[in-house]
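A structural walkthrough
This is what each chain is made of:
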Amino acid sequence: MPEKVPERITQLLADWGAGDQEALKRLMPIVYDELRRLAKVYFRRQPPGSTLQGTELVHEAYLRLADKKEVRWQDRAHFFAVSARIMRCILVDHARSRGSAKRGGGNYTIALDDAVRGAAMRDVNLVSLDEALIRLGAHDCRLLQVVELRFFGGLSIEETGQVLNIAPATVKRDWNVAKAWIYREMSRSAAHAT
């Protein structure tokens, strides 16, 4: 992420929140560029043959963000948290619709981080991952935020720490705990499904 972008996003969000409509016009190209960057990071990890393309994801996320007129944007952290959640929702919705269009439903898989993947979990079902994330959020909201920002938002350990206002060491620890928790939950779900 370019050095000045975080401060610029925060300032433009603050200006827009204070009623400056010109700030919104200056903010939207930056938001679009950030969404493209996030989608690029996300799709770089995906197996070939995905029916959802990065451009489609960015356009849909952009439209959903632009439609959030009632949101009182607080800062850059709030923007990234909402963006990551929106991208997660789009991807899960796409997986569900793709799954319902095929026999066996919901078979859209994604490549999860190497530390999460075991020999039996090379690729994970995105809908199952979403269900595990819902349970994770009920267990520990910050762990869910770390996963959304790192996996769906494509942020680094340092960027995630800045967004959540926690130390990079805490992000690393939370990321490792969350990945282990998700692996355990998805392994249990897979065992119950067979």
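Quick caveat: nothing in here was measured; it's all calculated off a predicted structure.

Describing the overall build of the chain
Regarding its fold elements, the chain presents 8 helices and 2 strands. Each helix (α) and strand (β) of the chain, taken in turn from the N terminus, gives the series α-α-α-α-β-β-α-α-α-α. Taking all 194 residues of the chain together, 46% fall into the buried category. Within the chain, counting contacts between residues at least 6 apart in sequence, those at least 24 apart form 61% of the total. Accessible area of the chain: about 10300 Å², with a carbon and sulfur share of 52%.

A word on the packing of aromatic side chains
Inspection of the entire model under this criterion finds 2 aromatic pairs. Ring centres 5.3 Å apart and planes at 85° place the aromatic pair tyrosine 32 and tyrosine 62 in the edge-to-face group. In this pair, tyrosine 32 is assigned in helix H2 (residues 21-44) and tyrosine 62 in helix H3 (residues 54-66), connecting sequence segments 30 residues apart. Given the relative accessible area of 21%, tyrosine 32 is considered partly exposed.

Details of the side chain of glutamate 185
Positionally, glutamate 185 belongs in helix H8 (residues 168-193). The residues contacting glutamate 185, other than those within four sequence positions of it, are Ala132 and Arg135.

Considering the packing of helix H5 (residues 126-139) against helix H6 (residues 141-152)
One can describe the packing of H5 onto H6 by two numbers: an axis separation of 6 Å at closest approach and a directional angle of 145°. Touching Leu126, Leu129, Leu133, Leu136, Gly137 and His139 of H5 are Cys141, Leu143, Leu144, Val147, Phe151 and Phe152, all from H6. When grouped by side-chain class, the residues that make up the contact of H5 with H6 number 10 nonpolar, 2 polar and no charged.

Re the environment of valine 58
Position of valine 58 among the secondary structure elements: in helix H3. When its relative accessible area of 2% is taken as the criterion, valine 58 is described as buried. In sequence terms valine 58 and leucine 35 are 23 residues apart; their C-alpha atoms lie 5.7 Å from each other. In this structure valine 58 touches Tyr32, Leu35, Arg36 and Ala39, once residues within four positions along its chain are discounted.

What to know about H3
Taking 1.5 Å per residue as the helical rise, H3 with its 13 residues ought to reach 18 Å, and the 18 Å between its terminal C-alpha atoms agrees with that figure. Turning to H3, its buried residues are Leu57, Val58, Ala61 and Leu65. The buried residues of H3 occupy one face: seen down the axis, they fall within an arc of 95°. In H3, those exposed residues whose orientation departs by more than 90 degrees from the buried face are Thr55 and Leu63.

Quick word on the confidence of the model for the chain
For the chain, mean pLDDT is 76; residues scoring 70 or higher make up 77% of the total. The least confident element of the chain, judged by mean pLDDT, is strand S1 (residues 109-111) at 50; the most confident is H6 at 90. Here residues 114-122 scores under 50 on pLDDT; set against residues more than four positions off or in separate chains, the count is 12 contacts.

Rules used throughout
Residues numbered from 1 in each chain as written. Predicted model: local features only at pLDDT ≥ 70, side-chain atom pairs only at ≥ 80, totals over all residues. Heavy atoms only, no water. Helix = DSSP H or I, 4+ residues; strand = E, 2+ residues; numbered from the N terminus. Buried < 20%, exposed > 50% of the residue type's maximum accessible area, 1.4 Å probe, protein only. Contact = heavy atoms within 4.5 Å. Areas by Shrake-Rupley, 256 points an atom, 1.4 Å probe, with all protein chains shown as cover. Phe/Tyr/Trp six-rings, centres within 6.5 Å; stacked < 30°, edge-to-face > 60°. Axes fitted to C-alpha atoms, helices over the stretch in contact; angles between N-to-C directions. Nonpolar A, V, L, I, M, F, W, Y, C, P; charged D, E, K, R; others polar. Expected span 1.5 Å × (residues − 1). Arc of directions from axis to C-beta. pLDDT = per-residue confidence, 0-100.

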